[in-house]
Amino acid sequence: MGFREALYSGKFLITAEIGPVKGTEIDVLLEDAELIKGKVDAINVTDLQSSVMRLGSMAVCHLLKDHGIDPIFQLTCRDRNRLALQSDLLSAWVLGIRNVLALTGDHPTMGDHPEAMPVFDLDSVSLLRVICRLNEGFDMGGNQLKGAPDFFPGAVVNPGADTEAAFEMQIIKMEKKIEAGARFFQTQGIFDLDLFERFMKRVEGFKTPILGGIILLKSAGMARFMNKNVAGVFVPEPLIKAMEETKDKVKTSIEIAARLIKGMKDICQGIHIMAIGMEDKVPVIMEKAGLL
Amino acid sequence: MIVAEIKPFEEIKNMIKNYQKVLIVGCGSCVTVCLTGGERQVELLASALRMARKIEGNDITVGELTIRRQCDPEFIEQIKDEAAQYDVILSMACGAGVQGIAERFKDIPVLPAMNTMFLGVSDGQGTWVEVCAACGDCILWKTGGICPVARCAKGLVNGPCGGSQGGLCEVSKDVPCAWQLIYARLVRLNLQHFLKDISQQKKQPVRPRRLVREDLRLKKEPTKGV
Ligand code: SF4
Ligand code: SF4
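Residues numbered from 1 in each chain as written. Chains lettered and ligands numbered in written order. Predicted model: local features only at pLDDT ≥ 70, side-chain atom pairs only at ≥ 80, totals over all residues. Heavy atoms only, no water.

Give me the confidence of the model for chain B: which residues, what numbers.
Per-residue pLDDT for chain B has a mean of 95; in total, 99% of the residues score no lower than 70. Two summary scores accompany this predicted model of the complex, namely pTM at 0.94 and ipTM at 0.94. (pLDDT = per-residue confidence, 0-100.)

If you want it as structure tokens, here you go:
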């Protein structure tokens, strides 16, 4: 069952995420994928995450497809203008890629080529529109395609946006994304279930499945770093403390993630696990969370 | 106004190293207002160059002039007699001014003393900020008078990227997120319905852009080649 079918079956959705390497070494990546295979509904492949130059999302999605995994092709507006975005979408389709996650993308200054030109010819909302337009058999210029794709488009939302303006704008933009064609959402990492529940109540009427983001903590330092530097991520003090005091960081991290997942089962329609280098731990987390 | 800053002194000195007679031309408009290329700055640059060349034992003649606008042929015309007496003109105007002068005096090299930066406004003493990218299709009417094209680091026209923290932009932590400013202003004006409209993507202009006002033209002139 592919991701789209899983979504419409009404089951609790599980997606994971893989960040391609900087270089051509793909063995570890494929081993990790093999470990998760069959346990998740889809695997996201990031598109030059944090604006760091590396192996591309499309190629890795294609490899995952070859290994029998349904990939979610993350596509940002940072590096490609509307010609390249549309062409890459068509290329992705002929390579067997069916799901696309439309993102604005980080600014190049956040990465390792800070002097690169920021493109942002389209944004996440207009990219979603373009995906739907391609699905209908037309490009952005209204020209007819010879053979059209049938992508399943999704988008992201940041429920932890910190100011009133930022939060309200997230909700407004979420509505725009749905109007533009988003059929599912994946969120930024969630650590506070009460806050997340309030967000979910607020967007209940949108009737679009939401997969709550789970980030695996590596250390207390990482948690503090995210609190300070990653927009929308807030790790509460007790969790930081638990990571600080534990003798077995991996075990504690797994416990925290499993607990959050259990809590999310009744709140949202699925989870999206961002293991950030701990992809091999995904199966045990799922087992602990009662998902296997 | 057009905001520009003066180039590093060493760079200017290097540009004019092979010349003995330099005319520095200031501009009385934008760069006078942003205190980088007006009469006073012409005077300062002239004495600094004289001094530096004197120390090197390579004396130089520096003329000083400031005209009302370097982007207007009418004002440029006024300096034609002085210009003819110099080896080189060092313009203290924006890039448009430098090119305006170069277009008029084709036999004299015209060099830029400034780095032209952006269309901006003053943001407190000694600070200027970019507020308009001259996109050619103004949408300020639906963004509460705050421009996302110029003031959002990604130029997003459909709402924020989700990267702001504490109301500040993810890209420069000392700059407010333009979309949060827009949100606050539209709420205040009770015009928040604009936030829900899906905006058309901006069209890229074909450069160089040109404005033709038929009503102001004397007669139809064909475009000139080289
Ligand atoms: S929308 Fe922004 S960049 Fe475009 S003309 Fe208006 S202020 Fe300038
Ligand atoms: S934080 Fe705000 S201003 Fe900065 S890039 Fe994102 S939307 Fe634009």
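Having seen the structure, we can now continue with the description.
Can you tell me about the site of ligand 1, naming the residues and giving the values?
Looking at ligand 1, the residues that line it are Cys132(B), Ala133(B), Ala134(B), Cys135(B), Cys138(B), Ile139(B), Leu140(B) and Cys147(B). Class assignment of the residues belonging to the shell around ligand 1 gives a composition of 8 nonpolar, no polar and no charged. (Near = heavy atom within 4 Å. Nonpolar A, V, L, I, M, F, W, Y, C, P; charged D, E, K, R; others polar.)

An account of the pattern of salt bridges is requested, with residue identities and associated values reported.
Residue and element names in this part refer to chain A. Summed over all chains, the structure comprises 26 salt bridges over all chains. Residues Lys37 and Glu34 are paired through a salt bridge, measuring 3.8 Å at the closest nitrogen-oxygen approach. Of the charged contacts, one joins Arg80 and Asp88 as a salt bridge, the two residues approaching to 2.7 Å between their closest N and O atoms. You can call Arg80 buried: its relative accessible area is 14%. (Salt bridge = Lys/Arg side-chain N within 4 Å of Asp/Glu carboxyl O. Buried < 20%, exposed > 50% of the residue type's maximum accessible area, 1.4 Å probe, protein only.)

So what's going on with the sheet that holds strand E4 (residues 88-92) of chain B? Which residues, and what values?
Residues and elements named next belong to chain B. Strand order in the open sheet formed by 4 strands is E3-E2-E4-E5, with parallel pairing between adjacent strands. Every interior strand has two partners, whereas the edge strands, strand E3 (61-67) and strand E5 (110-112), have only one. Across the sheet, the axes of successive neighbouring strands diverge by a mean angle of 25 degrees, strand direction being ignored. Helix H3 (residues 39-55) contacts strand E2 (21-27), E3 and E4 of the sheet and is inclined by roughly 170 degrees relative to E3. Against the sheet, helix H6 (residues 95-104) contacts E2, E4 and E5, and its axis sits at roughly 175 degrees relative to E5. (Pairing = 2+ DSSP bridges. Helix = DSSP H or I, 4+ residues; strand = E, 2+ residues; numbered from the N terminus. Axes fitted to C-alpha atoms, helices over the stretch in contact; angles between N-to-C directions. Contact = heavy atoms within 4.5 Å.)

Give me the lowdown on the packing of helix H4 (residues 82-94) of chain A against helix H5 (residues 124-135) of chain A, citing residues and values where you can.
Helix packing for two helices is described by the angle between their axes and how far apart those axes are. Residues and elements named next belong to chain A. It is at 11 Å that the axes of H4 and H5 come closest, and there the two elements cross at 50 degrees. Compared by their axis directions, H4 and H5 come out oblique. For the element pair H4 and H5, the recorded crossing hand is right-handed. On H5, the residues touching Leu85, Gln86, Leu89 and Leu90 of H4 are Leu127, Val130, Ile131 and Leu134. Counted by class, the contact of H4 with H5 contains 7 nonpolar, 1 polar and no charged residues. (Parallel < 35°, antiparallel > 145°, perpendicular 65-115°, else oblique. Left-handed = near helix turned anticlockwise from the far one by under 90°.)

An account of the environment of Phe234(A) is needed here, citing residue identities and associated values.
Residue and element names in this part refer to chain A. Relative to the assigned elements, Phe234 resides in the loop between helix H8 (220-229) and helix H9 (237-245). The partly exposed category is assigned to Phe234, whose relative accessible area is 47%. Between the alpha carbons of Phe234 and Arg224 there is a distance of 8.8 Å; along the sequence they are 10 residues apart. Discounting chain neighbours no more than four positions away, the residues touching Phe234 are Phe191 and Asn227.

Describe in detail the domain arrangement of chain B, supporting the description with residues and values.
Segmenting chain B into domains produces domain 1 (2-117) and domain 2 (135-221). Taking the mean C-alpha position of each, domain 1 of chain B and domain 2 of chain B sit 34 Å from one another. (Domains from an automatic or database assignment.)

How would you summarise the interface of chain B and chain A if you had to cite specific residues and measurements?
Frequently, the measure chosen for interface size is the accessible area removed from exposure when the parts meet. Contact residues are listed per partner, giving 26 residues for chain B and 34 residues for chain A. A combined buried area of about 2500 Å² lies between chain B and chain A, and 54% of that area is made up of carbon and sulfur atoms. On the chain B side of the interface with chain A, the three residues burying the most area are Tyr183(B), Ile198(B) and Gln201(B), jointly 26% of the side's total. Our count for the chain B to chain A interface comes out at 0 salt bridges. The interface formed by chain B and chain A includes 16 residue pairs in polar contact (both at pLDDT 80 or more). For the side of chain B that touches chain A, the residue count by class is 10 nonpolar, 11 polar and 5 charged. (Buried area = accessible area lost by both parts, 1.4 Å probe. Polar contact = N/O pair within 3.5 Å; in protein donor to acceptor, adjacent residues only side chain to side chain.)

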